[in-house]
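Report on the structure
Next come the chains, spelled out residue by residue.
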Amino acid sequence: MENVAQRPNLLKDSHALERSEIVANSAMNRGRGIAGPNSYAKDLGFQCVAFLLEQLNGKGSAAWLDLCCGSGRALIQAAQALHQIAPGRYEVTGVDLVPMFDEVPSGLPGLTLMERSLGQWKPDRAYDLITCVHGLHYIGDKLGALCSVAGWLTMEGELLAHLDMANLRLTGDETSRHAWISVLRRAGFTYSSGRRLVRLDGFREIVLPYLYLGADDTAGPNSTGQPAVDSWYAVRQG
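Residues numbered from 1 in each chain as written. Predicted model: local features only at pLDDT ≥ 70, side-chain atom pairs only at ≥ 80, totals over all residues. Heavy atoms only, no water.

1. Focus on the overall build of the protein
A tally of regular secondary structure across the protein gives six helices and ten strands. In terms of overall dimensions, the protein is globule-like: its C-alpha atoms have a radius of gyration of 18 Å, near the 18 Å expected for 238 residues. The C-alpha extent of the protein, read off along each of the three principal axes, is 55 × 35 × 30 Å. Across the 238 residues in the protein, those meeting the buried criterion constitute 51%. By element, 49% of the accessible surface of the protein is carried by carbon and sulfur atoms, the whole surface being about 11200 Å². Put simply, the protein has 22 plus and 25 minus side-chain charges, and the middle of one group is 3 Å from the middle of the other. (Helix = DSSP H or I, 4+ residues; strand = E, 2+ residues; numbered from the N terminus. Rg over C-alpha atoms; globule rule 2.2 N^0.38 Å. Buried < 20%, exposed > 50% of the residue type's maximum accessible area, 1.4 Å probe, protein only. Areas by Shrake-Rupley, 256 points an atom, 1.4 Å probe, with all protein chains shown as cover. Lys, Arg positive; Asp, Glu negative; His and termini not counted. Charge placed at Lys NZ, Arg CZ, Asp CG, Glu CD.)

2. Some thoughts on the packing of aromatic side chains
Evaluated as defined, the whole model comprises six aromatic pairs. Plain terms: the ring middles of Phe 46 and Phe 51 are 5.5 Å apart, the flat faces sit at 50 degrees to each other, and that makes the pair tilted. Look at Phe 46 and you get buried, because its relative accessible area is 9%. Ring centres of Trp 121 and Trp 152 lie 5.8 Å apart, and the angle between their planes is 85 degrees; this geometry places the pair in the edge-to-face category. Placement of Trp 121 in the loop between strand S3 (111-115) and strand S4 (127-132) and of Trp 152 in the loop between helix H5 (142-150) and strand S5 (153-162) is noted, with a sequence separation of 31 residues between them. Each residue in the set Trp 180, Tyr 210, Tyr 212 and Tyr 233 is aromatic and connected to the rest through ring pairs, giving one cluster. (Phe/Tyr/Trp six-rings, centres within 6.5 Å; stacked < 30°, edge-to-face > 60°.)

3. Side note on the pairing of strand S8 (residues 197-201)
Two strands pair when backbone bridges link them, and S5 and S8 are joined in this way by five bridges, in the antiparallel orientation. Bridge pairing in S8 links Leu 160 to Arg 199. Pairing of strand S7 (residues 190-192) with S8, which is carried by three bridges, proceeds in the antiparallel orientation. Looking at S8, one finds that Thr 190 is bridged to Arg 199. Connecting the antiparallel pair S7 and S8 is a turn made up of four residues, with Arg 196 showing a positive phi of about 55 degrees. (Pairing = 2+ DSSP bridges.)

4. What about the side chain of Asp 96?
Structurally, Asp 96 is set in strand S2 (residues 90-96). At a separation of 2.9 Å, a polar atom in the side chain of Asp 96 contacts the main-chain amide nitrogen of Val 98. (Polar contact = N/O pair within 3.5 Å; in protein donor to acceptor, adjacent residues only side chain to side chain.)

5. Side note on the sheet that holds strand S1 (residues 62-67)
Ordered by their spatial adjacency, seven strands build an open sheet running S3-S2-S1-S4-S5-S8-S7, and the pairing between neighbours is mixed. Sheet topology places S3 and S7 at the edges, where each strand pairs with a single neighbour. Between one strand axis and the next, the sheet turns through 15 degrees on average, direction left out of account. As paired strands, S2 and S3 are joined by five bridges and run parallel to one another. By the bridge assignment for S3, Thr 93 is matched with Thr 112. In the packing of helix H3 (residues 48-59) onto the sheet, the strands contacted are S1, S4 and S5, and the crossing angle to S4 comes to about 170 degrees. (Axes fitted to C-alpha atoms, helices over the stretch in contact; angles between N-to-C directions. Contact = heavy atoms within 4.5 Å.)

6. Quick word on the sheet that holds strand S10 (residues 227-235)
One open sheet accounts for three strands, arranged S6-S10-S9; its pairing is mixed. The open sheet has two edge strands, strand S6 (168-170) and strand S9 (210-221), and neither has a second partner. This sheet shows a mean twist of 30 degrees between the axes of neighbouring strands, independent of strand direction. Here S6 pairs with S10 via three bridges, running parallel. Within S10, the residue paired with Leu 170 across the bridge is Tyr 233.

Here it is as structure tokens:
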């Protein structure tokens, strides 16, 4: 097997990766709701609406950003629940590369679903909750994304994102897995190996000592059973 780290032409940059059939995955997150058997609550082990209601009760407003939101079904359901309790005091935003969104009911001014590239987009506000449910599997620079998103949280905010460590690769260490969990924990993240879930409590400015080289969309299935993208890095010199 050819080593992608030794053949840079086999790695895709962000623009090429976004045109990959693997990244434009039509199944992941397309039918997931906010609660129930196929839901954010089940996959994250976290009650998003309940957390947002706590924020509303504590400071009078709440904002949730969901990256790689798929159909946006979970966000629509959450916005409907929040609107009944606190109309005008919530903001729910979903971002996805492929705009396969469910139809948004009328009367939910606090909900926005938008087609954006995460490599080129950044929000103009901080969020109390940021989630990425199985979305990092298709992102090229996974570590860069986590560092960026850490800076989009409020001081009391929560970040939850699925990450399969098998999709993080380090050149020069091709035959074994780098100690990525320790790297993230030193930066302030926690990691649940059972759920393959990264979590961060509160805003942080994070810089990791790795240089992103590119992505391999031929990596094959990961823990989800669906084809994913390997992200290749080198140790940053100096």
